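So you can see what is in the structure, the chains are spelled out below.
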Amino acid sequence: MRPMHLLGVTCLWILSCALLLGGACSDGLLRINLSKKRLDKETLAAAKSARQETNLLRPDDGSRHSLGLSDDDIVPLDNYLDTQYFGEIGVGTPPQNFTVIFDTGSSNLWVPSSKCYFSEHKFDALVPMFLQIACYLHHKYKSTKSTTYKKNGETCTISYGSGSIAGFFSEDSVLVGELVVKNQKFIETTREASPTFIIGKFDGILGLGFPEISVGSAPPIWQSMQEQKLIEKDIFSFWLNRDPDASAGGELVFGGVDKKHYKGKHTYVPVTRKGYWQFDMGDLLIGGESTGFCAGGCAAIVDSGTSLLAGPTTIVAQVNHAIGAEGIISTECKEVVREYGEMILELLVAQTRPQKVCSQIGLCVFDGSYSVSNQIESVVDKKEKRGSDLLCTACEMTVVWIQNQLRKNQTKELILDYANQLCERLPSPNGESTVDCHQISEMPDLAFTIANKTFTLTPEQYVVKLEQSGQTICISGFMAFDVPSPRGPLWILGDVFMGAYHTVFDFGESRIGFAKSA
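Keep in mind it's a predicted model, so treat the numbers as computed, not measured. (Residues numbered from 1 in each chain as written. Predicted model: local features only at pLDDT ≥ 70, side-chain atom pairs only at ≥ 80, totals over all residues. Heavy atoms only, no water.)

Asker: So what exactly am I meant to see when it comes to the state of the cysteines here?
Answerer: Each disulfide is one covalent bond, formed between the sulfur atoms of two cysteines. Following the criterion strictly, the structure yields five disulfides and no others. Linked covalently through their sulfurs, C358 and C395 form a disulfide whose S-S length is 2.1 Å. Handedness of the C358-C395 disulfide follows from its S-S torsion of about -100°: it is left-handed. A residue pair is termed long-range when its members are at least 10 positions apart, and C358 in helix α7 (residues 354-360) and C395 in helix α8 (residues 382-406) qualify at 37 residues. The exposure class assigned to C358 is buried, which follows from its relative accessible area of 3%. (Disulfide = S-S within 2.5 Å. Helix = DSSP H or I, 4+ residues; strand = E, 2+ residues; numbered from the N terminus. Buried < 20%, exposed > 50% of the residue type's maximum accessible area, 1.4 Å probe, protein only.)

Next comes the structure, spelled out in structure tokens:
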């Protein structure tokens, strides 16, 4: 399952990259310095266009995805708008260069093919022509130019929230830093049906997730490195540079970690479900106070292919309220507070299980343990049911908010007013919320609870600043994202979190490590 895909969480903006120089350092590691491109009016317009395409890099499978060692390998990363990181690889012999996103939330490697034709697939006629030209605008892999190419030919399609790619599998050598991975199975794309692929300056994707979510059972690149004994340690690590004035965007290190990239020691958590890099986390704290919803535990995924932090709407609304973020007013939420707020409050005071409150007042058909209706649905009921689903969601959020305020012994009036304010802070349909750049110093610290430790994000770390025509725009680093039980509630810790905390992906021990970035 690729959960982010169905729920519209996006990998925020598109990318560009410029290689400056490269070489091996005295520690035996290859370091390539990459430039960082600043945001301007033109690229912001392109970013907004891409932003409207939901979840570019999230495949939809329909189920809802130490230094000094000579065997270490470093892939420098470019940082674009502090919202995406990418670098360069080579495919074939001699290497054909491609700019790719290194994505821990997917597992396949794909690049455009030289065999990209308008009419190669019979379904191309169903797709507008401008959606079929993306591969013409990027570097294309030419198998006839490689002496190590091996034909596979198995066809494949990967669907994304904003479109799809189609193509076929091939095998060839892949150059990552100074490492040559032989006989790597990858996808040559012959169709890229999305405007975002046209606007995007990246050529392809290099997935770093687990084999369980790989299309066509193609091994992720780290598994091939492991099997071919190319790296000393079965890990890779990300350092994302959030300094807007720095030329280097960061580094991806295979086979080890760079001690200059972090402070102190890493805190490790086990991977709880392979596919994505998923683990169990606890509560999110606002200014040191619990938000309640994940106090009993939530699942989380570390995803380098996601720009921001995505989490349950219930918590994101509390965060946006605390930091003064402006989102669209939800009429359903305010209706629930107005019509049912006192009833919810009375039921909670009477010790009614929170999971049963919304079903008891008739807004939900599920009470936390079983369905309370037969859920038979007719075509004419679909519109009404969609509205009912929104009211149910609003009710469940309101229960959490009211329960959280009851712990503070607030009065009924203050509790209902607080819930009403949170309704006004619900994220906009596109997920983003703006904040006042002049108020950043007044915003509270936010902290994730991982392995019984708090990982704090300061306002400077969770607010993303963009510049347009000399003006600065600030957006909240939090986006709404709801996954139902049993898979959820689920958090996606993207680049905002990984920029603050150096992250180690230990596939040998199936664990993830976090330490403060240096």
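Asker: Would you explain the sheet that holds strand β14 (residues 278-281) in this entry?
Answerer: With mixed pairing, five strands are arranged side by side in an open sheet as β14-β17-β25-β18-β24. For this open sheet the edge positions go to β14 and β24 (478-480), each flanked by a neighbour on one side alone. The mean angle between the axes of side-by-side strands here comes to 25°, regardless of whether they run parallel or antiparallel. Bridge count between β14 and strand β17 (residues 298-302): four bridges; the pairing is antiparallel. Bridge pairing in β17 links D280 to A299. (Pairing = 2+ DSSP bridges. Axes fitted to C-alpha atoms, helices over the stretch in contact; angles between N-to-C directions.)

Asker: Sorry if this is basic, but what is going on with the pattern of salt bridges here?
Answerer: Oppositely charged side chains can pair when the atoms bearing their charge come close. A complete count under the given rule lists seven salt bridges for this structure. With a closest N to O distance of 2.9 Å, E289 and K408 form a salt bridge. Of this pair, E289 sits in strand β16 (residues 289-290) while K408 sits in the loop between α8 and α9 (412-424), placing them 119 residues apart in sequence. E289 gets classed as partly exposed once you look at its relative accessible area, which sits at 43%. Taking the relative accessible area as the measure of exposure, K408 reaches 38% and is therefore partly exposed. (Salt bridge = Lys/Arg side-chain N within 4 Å of Asp/Glu carboxyl O.)

Asker: What am I meant to see in the nonpolar core here?
Answerer: One finds F448 and W491 to be the most contacted residues of the largest nonpolar core, which totals 72 residues. Mapped onto the domain boundaries, this core takes at least three residues apiece from domain 1 (78-119 + 127-231) and domain 2 (259-327 + 427-517). (Core = buried A, V, L, I, M, F, W, Y, C linked by side-chain atoms within 4.5 Å. Domains from an automatic or database assignment.)

Asker: Before we go on, may I ask you to explain helix α5 (residues 313-323) in this structure?
Answerer: In terms of residue burial, α5 counts as a mostly covered element, since nine of its eleven residues are buried. Of all the positions in α5, only T313, T314, I315, V316, A317, Q318, V319, N320 and I323 are classed as buried. Two residues or fewer after α5 comes G324, characterised by a positive phi angle close to 75°.

Asker: Is there a simple way to explain the sheet that holds strand β21 (residues 453-457) in this structure?
Answerer: Paired through backbone hydrogen bonds, the strands of a sheet run either parallel or antiparallel to each other. Taken together, the four strands give an open sheet; going across it, the order is β16-β15-β20-β21, and neighbouring strands pair in antiparallel fashion. A strand with exactly one partner marks an edge of an open sheet, and here the two such strands are β16 and β21. As defined by bridge partners, strand β20 (residues 446-450) adjoins β21 across five bridges and the pair is classed as antiparallel. Among the inter-strand pairings, L446 is bridged to a residue of β21, identified as L457. Across the sheet, α5 is in contact with β15 (284-286) and β20; its angle to β15 comes to roughly 20°. (Contact = heavy atoms within 4.5 Å.)

Asker: Whenever I open this one, the packing of aromatic side chains confuses me. Can you help?
Answerer: What characterises a pair of aromatic rings is the spacing of the ring centres plus the angle enclosed by the ring planes. Taken as a whole and judged by the stated rule, the model has 22 aromatic pairs. Aromatic pair F210 and W277: ring centres 4.4 Å apart, planes at 40°, arrangement tilted. One end of the pair, F210, is in the loop between β10 (204-207) and α4 (221-227); the other, W277, is in the loop between β13 (262-270) and β14, and 67 residues separate them in sequence. Both residues of the pair, F210 and W277, belong to the buried class. One aromatic cluster is present, built from ring pairs that chain together F279, F448, F455, Y462, F478, W491, F497, Y501 and F514. Above the face of the F169 ring, K185 is positioned so that its terminal group lies 4.5 Å from the ring centre. Between R511 and the ring centre of Y268, over which it is positioned, the NZ or CZ distance is 3.7 Å. (Phe/Tyr/Trp six-rings, centres within 6.5 Å; stacked < 30°, edge-to-face > 60°. Lys NZ or Arg CZ within 6 Å of the ring centre and 35° of its normal.)

Asker: Help me understand the side chain of Q278 in this model?
Answerer: If you trace the backbone, Q278 turns up in strand β14. A polar atom in the side chain of Q278 sits 2.6 Å from the side chain of R487. Once residues within four sequence positions are removed from consideration, Q278 is found in contact with P270, V271, T272, R273, A299, A300, I301, R487 and L490. (Polar contact = N/O pair within 3.5 Å; in protein donor to acceptor, adjacent residues only side chain to side chain.)

Asker: I tried to follow the packing of α5 against α9 on my own but got confused; where do I start?
Answerer: At a closest axis distance of 8 Å, the pairing of α5 and α9 adopts a crossing angle of 95°. With respect to α9, the element α5 is oriented roughly perpendicular. Residue-level inspection shows A317, Q318 and H321 of α5 in contact with α9, the latter providing Y418, Q421 and L422. (Parallel < 35°, antiparallel > 145°, perpendicular 65-115°, else oblique.)

Asker: Explain the side chain of S214 to me, please; I cannot follow it from the model alone.
Answerer: Note that S214 resides in the loop between β10 and α4. Classification of S214 by relative accessible area gives buried; the value is 10%. A distance of 3.4 Å separates a polar atom in the side chain of S214 from a polar atom in the side chain of N108. What S214 contacts, discounting residues up to four positions off in sequence, is S107 and N108.

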